[in-house]
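Observations on chain architecture
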Amino acid sequence: MNFNKAEFDKAFGISQQLPMSDKPEITFAGRSNVGKSSLLNKLFNRKNLARVSSVPGKTVTINFYNVDNQRFVDLPGYGYAKISKQERDRFGELMEGYFQSGRQINLVVQLIDMRHKPTADDYSMISFLEQMRIPFIVVLTKADKLKKKEYALREQSVITELNNPEYPVIPFSSVTGQGVDEIKKLIEKALEM
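An account of the accompanying structure is given in this report. (Residues numbered from 1 in each chain as written. Predicted model: local features only at pLDDT ≥ 70, side-chain atom pairs only at ≥ 80, totals over all residues. Heavy atoms only, no water.)

1. Brief notes about the overall build of the chain
On a plain count of helices and strands, the chain comes out with 5 helices and 7 strands. N-terminal to C-terminal, the α/β element order of the chain is β-β-α-β-β-α-β-α-β-α-β-α. For 193 residues, the compact-globule estimate of 2.2 N^0.38 gives 16 Å, and the chain sits close to it at 16 Å. With the C-alpha coordinates of the chain rotated into their principal frame, the extents come out at 45 × 40 × 35 Å. Looking at the chain residue by residue over its 193 residues, the buried ones come to 48%. In the chain, the proportion of contacts linking residues at least 24 apart, taken out of those at least 6 apart, comes to 75%. Carbon and sulfur atoms make up 49% of the accessible area of the chain, which amounts to about 10300 Å² in all. Taking the average location of the 28 positive side-chain charges in the chain and that of its 23 negative ones, the two points are 6 Å from each other. (Helix = DSSP H or I, 4+ residues; strand = E, 2+ residues; numbered from the N terminus. Rg over C-alpha atoms; globule rule 2.2 N^0.38 Å. Buried < 20%, exposed > 50% of the residue type's maximum accessible area, 1.4 Å probe, protein only. Contact = heavy atoms within 4.5 Å. Areas by Shrake-Rupley, 256 points an atom, 1.4 Å probe, with all protein chains shown as cover. Lys, Arg positive; Asp, Glu negative; His and termini not counted. Charge placed at Lys NZ, Arg CZ, Asp CG, Glu CD.)

2. Considerations on the pattern of salt bridges
Following the criterion strictly, the structure yields 9 salt bridges and no others. Salt-bridge contacts for Asp113 lead to Arg31; the nearest nitrogen and oxygen are separated by 3.4 Å. Here Asp113, found in strand β5 (residues 105-113), pairs with Arg31, found in the loop between β2 (25-30) and α1 (36-44); they are 82 residues apart in sequence, far enough to count as distant. Accessibility expressed as a relative area gives 22% for Arg31, which makes it partly exposed. Arg115 serves as the salt-bridge partner of Asp113, at 2.7 Å between the closest nitrogen and oxygen. Overlapping salt bridges, with partners in common, bring together Asp22, Glu25, Arg71 and Arg103 in one network. (Salt bridge = Lys/Arg side-chain N within 4 Å of Asp/Glu carboxyl O.)

3. Focus on the sheet that holds strand β4 (residues 70-74)
Pairing within the open sheet is mixed, and its 7 strands lie in the order β1-β3-β4-β2-β5-β6-β7. What marks the edges here is a single partner per strand, and that holds for β1 (6-12) and β7 (169-171). The average undirected angle you get between the axes of adjacent strands in this sheet is 25°. Taken together, the 5 bridges between strand β3 (residues 62-67) and β4 define a ladder with antiparallel strand orientation. Of the residues in β4, the one forming a bridge with Asn63 is Asp74. Helix-sheet contacts for α1 involve β1, β2, β3, β4, β5 and β6 (136-141), and the interaxial angle to β2 is about 145°. (Pairing = 2+ DSSP bridges. Axes fitted to C-alpha atoms, helices over the stretch in contact; angles between N-to-C directions.)

4. A closer look at the environment of Val73
For Val73, the location among the structural elements is in strand β4. Residue class for Val73 comes out buried when judged on its relative accessible area of 0%. Distance in space between the C-alpha atoms of Val73 and Ile26 is 6.1 Å, their sequence separation being 47 residues. Setting aside anything within four residues of it in sequence, one finds Val73 in contact with Glu25, Ile26, Thr27, Phe28, Ile62, Asn63, Phe64 and Tyr98.

Given below as structure tokens:
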């Protein structure tokens, strides 16, 4: 698969607008400001195809990308407190509409900030994916922001915090590219199913 052949396709703000699912999808989820756009740009080998924002909660739509004739889906970040209840409700409806519309989701790439313990929202998302039997991996973002000792400690702690998971857990850095090849391999494997 050629990850460099990536282009933005469409964005949708309400679930009724979502196109029919006619091909396998690789979906990216995580809390606001966890680094989804940075991961996508690193995968695509592009600087800003996915818009990176310094303001959490900026992605308010489900963004679809065409990647070498495969579909990648960037979900809005969850857990950002400084949005209105109305906007939070719309996010909830959008996410629920996405996951419950019979889509061909071959893999969810669940992002968690490596520097911190997973949030209640992260645990809820993982639990939801397990209950729905949707295949997923966990990518630990911002790995480069930890000093060597902190890194080793967090790497061990996360495994305990995630209850010794059977799914892959991959430390990732958009700065150094750590983990990007492993993530690409898992995406390609998921698309073969």
